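Secondary and tertiary structure notes
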Amino acid sequence: MIRYLFYLILVILLVIIQTSIIPYMPEILKFYDFLVPLAVYLSLYKPLSHGLPVLIAAGLIMDMLSAAPIGIYVTSYLWVFLAFRRVARWVGIKDHLLFSMLAVIGVLFENLIFAIAVIPANPQGFFTLQSLQIILIQVFWTVITAPFLWLGFNYCFTDHGRLPGK
Amino acid sequence: MFSKKTMVAAGAIILIVLNGVVFSFNYIRKTSFTSAAAETALFFVSPVQGAVSSGIEFSREVWTHYFYLVDAAQENEELRRKLARARQKIHECNETSKENRRLKELVRFNSESDLSMQAARVVARDSSPWYRSLIIDKGRAHGVENGSPVVVPDGVVGRVTELSSGHAKVVLIIDRNSAVDAMVQRTRARGVVLGLSSGDRCRFDFALRKQDVRVEDIIITSGLDGIYPKGLRVGRVSKVIRRNSGVFQEVEIIPYADFHKLEEVLVVLNPPNIDDVLN
């Protein structure tokens, strides 16, 4: 119970950071969705029973706060969580590199899901230079910040489960 | 002949008298011998005395300055804290002043308008770059309803789409799901303002090609959508494209509201009733 409470607090903290702090920063500092790396982390290092409820809760919170179609965040997080579950066994690279790589793929994947939602209604509105710029900025910041997030998640989750990679 | 006691007393008296004579003589007239002796003594002793004296003085100075420095350091620390507090206070005053100016503008706009409005503070924004919404700190308990229009003195901001008792989600007019029935103020040419979500621009769609729309024209709400009251400023025309074929012209507008700097907004509590508008 305490574990899930801890997950919930972490999720709410990340949601608050990305809805109440990041939007006030300059355009170039517009970050990606922090909950995608969390989904990647839970996917790689936590069992299904831990990750699934946490990410459903996180997705629902984001869906409620955003103007995006309901369910789009839940879908994104669950796809990322389920898709990367066993990838660590197939790919023989170190933890933080794997995490960073999958975080970038996760962010791109989330954007793809958003594109699927946006394109049918307004195709010309999505395929623009500005859209490309938004995605590139997100990837750039993911590459820069993913190792730090990996360290942060490691630190946060050390006392709440097994150590990553062990 | 004389007792021992008498001899001692007489000797003491003679010595005192002699001393008196010698001291009187020395006071009146310094001899070269005494001057030389004094000079020699000064020559050898004074430097040592000076050194000792300086040492003592130095020690005293160090001692007193040490305490002075400690005091000064403490005072410095205290002054730094006071300065930091004063700076923070100035910053707060500046912020309050700016907020005051914004609120005054809102109040002025509110009092000039016939509409009943509720001021609200923006507490969060949509984290997704693909959708544009914000969360305000007023909800059902403050009279806000689903669909309530949200405005600022500059122009239309958006409308409430979700709400709880204390908060509401506002979809901005630049969001791709937003539509506002509007018209050109100068020519009354009608159209619909649609959000683009990419950049802070909107499209003014369904304006007939034959209608006169020019760059810098002001777009206002028509009030015909039953959501936004008539006559609120939406934006100004930034681009007009009239193709050779087609019924409509392509018009791009820049909204008046600065969505990046929104901190306070006004929620219209008595928007026009759709039945009233239609009748």
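What this report covers is the structure whose coordinates are included nearby. (Residues numbered from 1 in each chain as written. Chains lettered and ligands numbered in written order. Predicted model: local features only at pLDDT ≥ 70, side-chain atom pairs only at ≥ 80, totals over all residues. Heavy atoms only, no water.)

1. Some thoughts on the overall build of chain B
- When its secondary structure is counted, chain B shows three helices and 13 strands.
- Each of the 279 residues in chain B was classed as buried or not, and the buried ones make up 33%. (Helix = DSSP H or I, 4+ residues; strand = E, 2+ residues; numbered from the N terminus. Buried < 20%, exposed > 50% of the residue type's maximum accessible area, 1.4 Å probe, protein only.)

2. With respect to the nonpolar core
- Of all hydrophobic cores here, the largest spans 56 residues; its most connected members are Leu35(A), Leu38(A), Leu44(A), Tyr77(A), Phe99(A), Phe153(A) and Phe157(A).
- Of all the secondary structure elements, the ones that give two or more residues to this core are helix 1 (2–21), helix 2 (35–45), helix 3 (48–65), helix 4 (72–83), helix 6 (95–118) and helix 8 (129–157) of chain A.
- Setting aside residues up to four positions removed in sequence, Tyr77(A) forms contacts with Asp33(A), Leu35(A), Val36(A), Ala39(A), Leu55(A), Ala58(A), Gly59(A), Met62(A) and Glu110(A).
- Ranked by size, the runner-up nonpolar core spans 45 residues in total, among them Val122(B), Ala182(B), Ile219(B) and Val251(B). (Core = buried A, V, L, I, M, F, W, Y, C linked by side-chain atoms within 4.5 Å. Contact = heavy atoms within 4.5 Å.)

3. Digging into the pattern of salt bridges
All names here are of chain B.
- Applying the stated criterion to the full structure yields 17 salt bridges over all chains.
- We note a salt bridge from Glu-252 to Arg-201, for which the minimum N-O separation is 3.1 Å. Of this pair, Glu-252 sits in strand 12 (residues 248–255) while Arg-201 is found in the loop between strand 7 (190–195) and strand 8 (202–205), placing the two residues 51 residues apart along the sequence.
- Relative accessible area serves as the criterion here: at 33%, Arg-201 is assigned to the partly exposed category.
- In this structure, the salt-bridge partner of Glu-250 is Arg-243, at a minimum N-O distance of 2.9 Å.
- A relative accessible area of 39% means that Glu-250 is categorised as partly exposed.
- Within the structure, one salt-bridge network assembled from shared partners comprises Glu-99, Arg-102, Arg-121, Glu-263 and Glu-264. (Salt bridge = Lys/Arg side-chain N within 4 Å of Asp/Glu carboxyl O.)

4. A word on the packing of aromatic side chains
- Scanning the entire structure with this criterion turns up 17 aromatic pairs over all chains.
- On the basis of an interplanar angle of 80° and a centroid distance of 5.5 Å, the ring pair of Tyr32(A) and Phe34(A) is categorised as edge-to-face.
- Note on Phe34(A): relative accessible area 8%, which makes it buried.
- Ring geometry for Phe114(A) against Tyr131(B): centres 5.9 Å apart, planes inclined by 50°, an arrangement best described as tilted. (Phe/Tyr/Trp six-rings, centres within 6.5 Å; stacked < 30°, edge-to-face > 60°.)

5. Points about the interface of chain B and chain A
- Contact residues are listed per partner, giving 22 residues for chain B and 28 residues for chain A.
- Together chain B and chain A conceal approximately 2,000 Å² of surface at their shared face, both sides included; 53% is due to carbon and sulfur atoms.
- For the pair chain B and chain A, the interface holds zero salt bridges.
- Taken together, the links from chain B to chain A amount to seven residue pairs in polar contact (both at pLDDT 80 or more).
- Of all elements in the fold, only strand 1 (117–125), strand 2 (133–136) and strand 5 (168–172) of chain B reach the threshold of two or more residues within the side of chain B that touches chain A.
- Sorting elements by how many residues they give to the side of chain B that touches chain A places strand 1 of chain B first, with four residues.
- Classifying every residue of the side of chain B that touches chain A by side-chain character gives eight nonpolar, seven polar and seven charged. (Buried area = accessible area lost by both parts, 1.4 Å probe. Polar contact = N/O pair within 3.5 Å; in protein donor to acceptor, adjacent residues only side chain to side chain. Nonpolar A, V, L, I, M, F, W, Y, C, P; charged D, E, K, R; others polar.)

6. What to know about the environment of Leu98(A)
Residue and element names in this part refer to chain A.
- If you trace the backbone, Leu-98 turns up in helix 6.
- Exposure remark for Leu-98: the relative accessible area of 2% places this residue in the buried category.
- In sequence terms Leu-98 and Leu-44 are 54 residues apart; their C-alpha atoms lie 9.4 Å from each other.

7. What about the sheet that holds strand 3 (residues 149–152) of chain B?
All names here are of chain B.
- Strand order in the closed barrel formed by six strands is 1-2-5-4-3-13, with antiparallel pairing between adjacent strands. Put simply, the sheet's adjacent strands are angled 45° from each other on average, direction ignored.
- In the sheet, strand 1 pairs with strand 2 via three bridges, with the strands oriented antiparallel. Counted as the bridge partner of Ala-124 is Ile-135 from strand 2. (Pairing = 2+ DSSP bridges. Axes fitted to C-alpha atoms, helices over the stretch in contact; angles between N-to-C directions.)

8. With respect to helix 2 of chain A
- With 11 of 11 residues buried, helix 2 of chain A is to be regarded as a mostly interior element.
- Inspection of helix 2 of chain A places Leu35(A), Val36(A), Pro37(A), Leu38(A), Ala39(A), Val40(A), Tyr41(A), Leu42(A), Ser43(A), Leu44(A) and Tyr45(A) among the buried residues, and these make up the whole buried set.

9. Considering the environment of Val36(A)
Residue and element names in this part refer to chain A.
- Tracing the backbone shows Val-36 in helix 2.
- Among the residues examined, Val-36 registers a relative accessible area of 1% and is labelled buried.
- Put simply, Val-36 and Ser-76 are 40 residues apart on the chain and 8.1 Å apart in space, counted from C-alpha to C-alpha.
- Those residues in contact with Val-36 that lie beyond four places of it in its chain are Tyr-77, Val-80, Ala-103, Gly-106, Val-107 and Glu-110.

Any link to function would need more than the numbers given here.
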